[in-house]
Structures are given as structure tokens and as C-alpha cells.
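In case you want the letters, here they are:
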Amino acid sequence: MNPEFVRLLESLANGVVIAEPTGTIIFSNQFLERMFGYDHGQLLGQSVELLIPAELTKAHARHRVQYNVAPETRLMGAGRDLLGRRKDGTVFPVEVGLSPIQTPNGARVVAIVTDITARKHAEQRSLLQKDVALILSKADSIQSVAFGLLETIAASLGWKFGALWLVDGEPGALRNTAFWHATGVEAPQFETASRRMSFRMGECLLGGVWEKGKPEWVPDLAAVNGFLRAQEARAEGLRSVFVLPI
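Remember, it's a predicted structure, so these values are computed and weren't measured experimentally. (Residues numbered from 1 in each chain as written. Predicted model: local features only at pLDDT ≥ 70, side-chain atom pairs only at ≥ 80, totals over all residues. Heavy atoms only, no water.)

Considerations on the overall build of the protein
Note the cut-off: Each helix is a run of H or I in the DSSP string that is no shorter than four residues. Each strand is a run of E no shorter than two, and both are numbered from the N terminus. Note on contacts: a residue pair qualifies if any of its non-hydrogen atoms lie within 4.5 Å across the two residues. Asp and Glu are treated as the negative residues and Lys and Arg as the positive ones, with His and the ends of the chain left uncounted. In this description, the location of a charge corresponds to atom NZ of lysine, CZ of arginine, CG of aspartate or CD of glutamate.
Secondary structure assignment for the protein yields eight helices and 11 strands. Along the first, second and third principal axes, the C-alpha set of the protein runs to 80 × 40 × 35 Å. Excluding contacts between residues fewer than 6 apart, the proportion of contacts in the protein whose partners are at least 24 apart in sequence is 43%. Each charge class in the protein can be summarised by its mean position, and for the 26 positive and 26 negative side chains these summaries are 2 Å apart.

What follows is the structure, given as C-alpha cells:
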């Protein structure tokens, strides 16, 4: 490949991968390699399907064959999401532009790949804010819309389980107001234990977040000292928690 052409591709702030019609990668710039978590040169000779989530590789291979029948410059993913797969297996949203080129060695396809994770998060936040505002605008009290509010937030953010706690009484204690769970995810013992409890400011995990006014992410509940519902959480497969003060 022409050295000047390679330097040009390496200077781009986008991922670039060039493949044969069979899908074999013959070039990837370092921006793309960093995006997908590969060392320099590691992708050469690999199939482009390596960069696709496993459950989508067969469909991608079919689309690739169809594209090669009448190749043209096009933006992929318009109106639908495309996904990439990093070396560590994590999946993230991408936008892909395809361009066919002719070389002395035959036809090739140039793909420009952009990680659109930040854009998707911004869109998700905007939609969630509008949905929450709409719910609250029709409410006569927070209690009357507690479940709908929780469902909207939890489902939008991809949670499996969610609970809403409100301050009740004087001097005030957190008491559970609503639970929500995704389809197929149930934790009746955890719910029952939660409904029996209340937390003063500064008490345990929930009271601590209330006191500090800052969200807290706990990846392993078993490591939290004094988490009063630890036994029920473990029994029902609840392993981590994100506590968000409103």
C-alpha cells in the first residue's frame, strides 16, 4: 500500500478498515485498533466479522455478500443501530460508512467506523428527561406516579430491578414507595425485606447516599459492611447496586 496513503489514513480521527470482498482485513489504522482494543497489526488477515457481536456475524456475512453484488458508497446504520464488538467482548454502538475502491490487486471495501457511544448516551438522557418531565407534569403527588416514574427510568437505563425510596415523617426516614423489575426478573424476598425497613440519614448505604447527596455505585454487594438485605439479595441473584439521590 502506498506509504503516503497509509499516513493519510493514520492521520484520521476515525477508525478505518480495508477489506477484501471475502471480508479479510488487509489494513486497519491505529485509531480503529485502539477503538476495538487490538494491538497494532493484530487484525491483519482476520475476518471483519471479528468486529461484530457473535449473534450478528451470520447476518453481517450475508449483508456483505449482498453489498459486493452492487457495491456503492453508503452510510450504514441510518435509521437503525449498528454494533461493534471489542476484543474484550464488550459491545458498543457504531456508525459505518462504506466505499468500494478498485486497486491493482482487485476490488476492496473501505469502511470508516465511528464510535457513537457518547451520542447515544446524550440522546438517551434527553429522551429520559422529557419522559420524566411529562410524568411529573401530570402528577398530583410523587406517590401517585411513583411506579410509573420508576418504570420509565429503570427500563430506559436497562436496569433489571429498581426501587424508589421517599422521605417519610419527621425528622424523616427513607421508606420504600415502589418496586419495578424487568420481565423474568423477580426478587420477592428482597422486596418483602425492603418494605419492612426504613433508614435514617447517614444510616447504611441508602441513608449514606441521602446524607452525602451524591450517587454511589457498588459493584459487589457482598463487600458492603452492614448491608441489611445482603442475604436476600444473594439468594435472588442481586449482585450490584447504583443508588441515586433525587
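Description of a nonpolar patch on the surface
Test applied: Patch membership is restricted to residues that have no salt bridge and whose relative accessible area is over 30%. Joining uses 9 Å for like charges and 5 Å for the nonpolar side chains Val, Leu, Ile, Met, Phe, Trp and Tyr. Note that accessible areas follow from Shrake-Rupley with a 1.4 Å probe, and for residues the cover is restricted to the protein chains shown. Whenever Lys or Arg places a side-chain nitrogen within 4 Å of a carboxyl oxygen from Asp or Glu, that contact is recorded as a salt bridge.
Where nonpolar side chains cluster on the molecular surface, the patch consists of Met1, Phe5, Leu8, Leu12, Ile26 and Ile112 and spans about 480 Å² of accessible area. Mapped onto the elements of the fold, Met1 is located in the segment before helix H1 (3-11).

Things to note about unusual backbone geometry
What counts here: Each residue's exposure class comes from its accessible area (1.4 Å probe, protein chains only) as a fraction of the maximum for that residue type: buried when under 20%, exposed when over 50%, partly exposed otherwise.
Non-glycine residue Cys204 carries a positive phi angle of around 55°. Examined against the element boundaries, Cys204 turns out to sit in helix H7 (residues 204-212). Judged by relative accessible area, which is 32%, Cys204 ranks as partly exposed.

Considering the sheet that holds strand E9 (residues 198-199)
For the record, the criterion: Only strands that DSSP links by at least two bridges are regarded as paired with each other. Comment: axis = line fitted to C-alpha atoms, over the contacting stretch for helices; angle = value between 0 and 180 degrees taken between N-to-C directions.
Read from one edge to the other, the open sheet built from three strands follows the order E7-E8-E9, with strand pairing classed as antiparallel. Each having just a single partner strand, strand E7 (161-168) and E9 make up the two edges of the open sheet. Against the sheet, helix H5 (residues 146-156) contacts E7 and strand E8 (173-181), and its axis sits at roughly 60° relative to E8. Running at roughly 160° to E8, helix H6 (residues 188-196) makes contact with E7, E8 and E9 of the sheet.

Focus on the pattern of salt bridges
For the structure shown, the criterion picks out eight salt bridges. We note a salt bridge from Glu20 to Arg108, for which the minimum N-O separation is 4.0 Å. Separated by 88 residues along the polypeptide, Glu20 in the loop between strand E1 (15-19) and strand E2 (25-28) and Arg108 in strand E6 (residues 106-115) bring together distant segments of the chain. Take Glu20: its relative accessible area is 28%, and that puts it in the partly exposed class. On the basis of relative accessibility, which here comes to 12%, the residue Arg108 falls in the buried class. Salt-bridge contacts for Arg64 lead to Glu49; the nearest nitrogen and oxygen are separated by 3.2 Å. Remark: Glu49 occurs in the loop between helix H2 (30-36) and helix H3 (57-69) and Arg64 occurs in helix H3; sequence separation between them is 15 residues. Glu49 shares its class with Arg64; the two are buried.

Structural notes on the packing of aromatic side chains
The condition is simple: Any Phe, Tyr or Trp ring, taking Trp's six-membered ring, that has another such ring centre within 6.5 Å forms a pair; planes under 30 degrees apart are called stacked, those over 60 apart edge-to-face, and the others tilted.
Enumeration according to the criterion identifies four aromatic pairs in this entry. With a centroid separation of 5.8 Å and an interplanar angle of 75°, the aromatic rings of Phe161 and Phe190 are classed as edge-to-face. Here Phe161, found in strand E7, pairs with Phe190, found in helix H6; they are 29 residues apart in sequence, far enough to count as distant. Judged by its relative accessible area of 7%, Phe190 falls in the buried class. Three or more aromatic residues link up through ring pairs in this structure, and these residues are Phe161, Phe179 and Phe190.

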